[in-house]
Amino acid sequence: RDFCLSRGLGDVYKRQHSSNVWLALPEGSRAVELCERLLQRGVKVSSAEPFCVGSTPAPQAIRLCVGAAADRSELIQALSIVAACLTERPLAPVTL
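A brief report on the enclosed structure follows. Within every chain, residues take consecutive numbers counted from 1 along the sequence as written. Totals for whole chains, interfaces and linings use all residues, but because this is a predicted model, local features are given only for residues with pLDDT of at least 70 and pairs of side-chain atoms are given and counted only at 80 or more. Excluding hydrogens and water, the side-chain figures rest on all heavy atoms present in the structure.

1. Remarks on the packing of helix α2 (residues 31–40) against helix α3 (residues 72–87)
- What counts as an axis is a line fitted to C-alpha atoms, over the stretch in contact for a helix, and the angles between N-to-C directions run from 0 to 180 degrees. Put simply, DSSP H or I for four residues or longer makes a helix, DSSP E for two residues or longer makes a strand, and each gets a number counted from the N terminus. Contact geometry of α2 with α3 gives a least axis separation of 10 Å together with a crossing angle of 130°. The angle between α2 and α3 places the two elements in the oblique class. In this structure, the crossing between α2 and α3 has a hand that is right-handed. Of the residues in α3, those in contact with L34, R37 and L38 of α2 are I81, V82, C85 and L86.
- Each residue gets one label: Ala, Val, Leu, Ile, Met, Phe, Trp, Tyr, Cys and Pro are nonpolar, Asp, Glu, Lys and Arg are charged, and the others, such as Gly, are polar. Taken together, the residues of the contact of α2 with α3 break down into six nonpolar, no polar and one charged. In what follows, roughly perpendicular refers to angles from 65 to 115 degrees, roughly parallel to angles under 35, roughly antiparallel to angles over 145, and oblique to any angle outside these ranges. The handedness criterion is simple: a crossing whose near helix is rotated anticlockwise from the far helix by less than a right angle is left-handed, and one whose near helix is rotated clockwise is right-handed. Residue contacts follow a heavy-atom distance rule, with two residues in contact if any of their heavy atoms lie within 4.5 Å.

So, in structure tokens, the structure goes:
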């Protein structure tokens, strides 16, 4: 899985050795928007929002469950979709 992640996501992936991987999004990206785009393409991921407690804002990150793929080819295909979506321009820029 780690090999597939580093191959599929390149420099975006930081080695984590887990079946659940957190992927911090590039500046200006919104996790909710990326989750929706991925779901439209058949890849279901989670934003950080459900995992946060208290009033601290959730980071702009997504959680990939790489253990859910049926086989290596399915994982590689899903990761290529994630990588492609990361290169798309955001629909709504983040404003501070």
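2. So, the sheet that holds strand β2 (residues 46–47)
- If you trace the three strands from one edge of the open sheet to the other, you get β1-β3-β2, paired in antiparallel fashion. Taken across any chain shown, the strands that pair with only one partner, and hence form the sheet edges, are β1 (20–24) and β2.
- Across the sheet, α2 is in contact with β2 and β3 (61–65); its angle to β3 comes to roughly 40°. Paired strands, in this sense, are two strands between which DSSP finds at least two bridges.

3. So, α2
- Working definition: with a 1.4 Å probe on protein chains only, accessible area under 20% of the residue-type maximum means buried, over 50% means exposed, and in between means partly exposed. Turning to α2, its buried residues number three or more, namely A31, E33, L34, C35, R37 and L38.
- Turning to α2, the residues buried within the fold contact β2, β3 and α3.
- Within two residues after α2, G42 carries a phi angle of roughly 90°, on the positive side.

4. Remarks on the nonpolar core
- Side-chain atoms within 4.5 Å link the members of a nonpolar core, which is a set of buried Ala, Val, Leu, Ile, Met, Phe, Trp, Tyr and Cys residues. With 18 residues, the main nonpolar core has L34, L38, V45, I62, L64 and V82 as its most contacted residues.
- Mapped onto this core, the elements with two or more residues apiece are β1, α2, β3 and α3.
- If one sorts the elements of this core by residue count, α3 sits on top with six residues.

5. Some remarks on the pairing of β3
- Pairing between β1 and β3: five bridges, direction antiparallel. Across the sheet, N20 pairs through a bridge with C65, a residue of β3.
- Sheet topology places β2 next to β3; two bridges connect them, and they run antiparallel. The residue bridging S47 from the neighbouring strand is I62, located in β3.

6. A short note on the packing of aromatic side chains
- For this analysis, a ring pair means two rings from Phe, Tyr or Trp (six-membered ring only for Trp) whose centres lie within 6.5 Å, classed as stacked if their planes differ by under 30 degrees, edge-to-face if by over 60, and tilted for the remaining angles. Taken as a whole and judged by the stated rule, the model has one aromatic pair.
- Ring geometry for W22 versus F51: centroids 5.2 Å apart, planes at 90°, classification edge-to-face. In this pair, W22 is assigned in strand β1 and F51 in the loop between β2 and β3, connecting sequence segments 29 residues apart.

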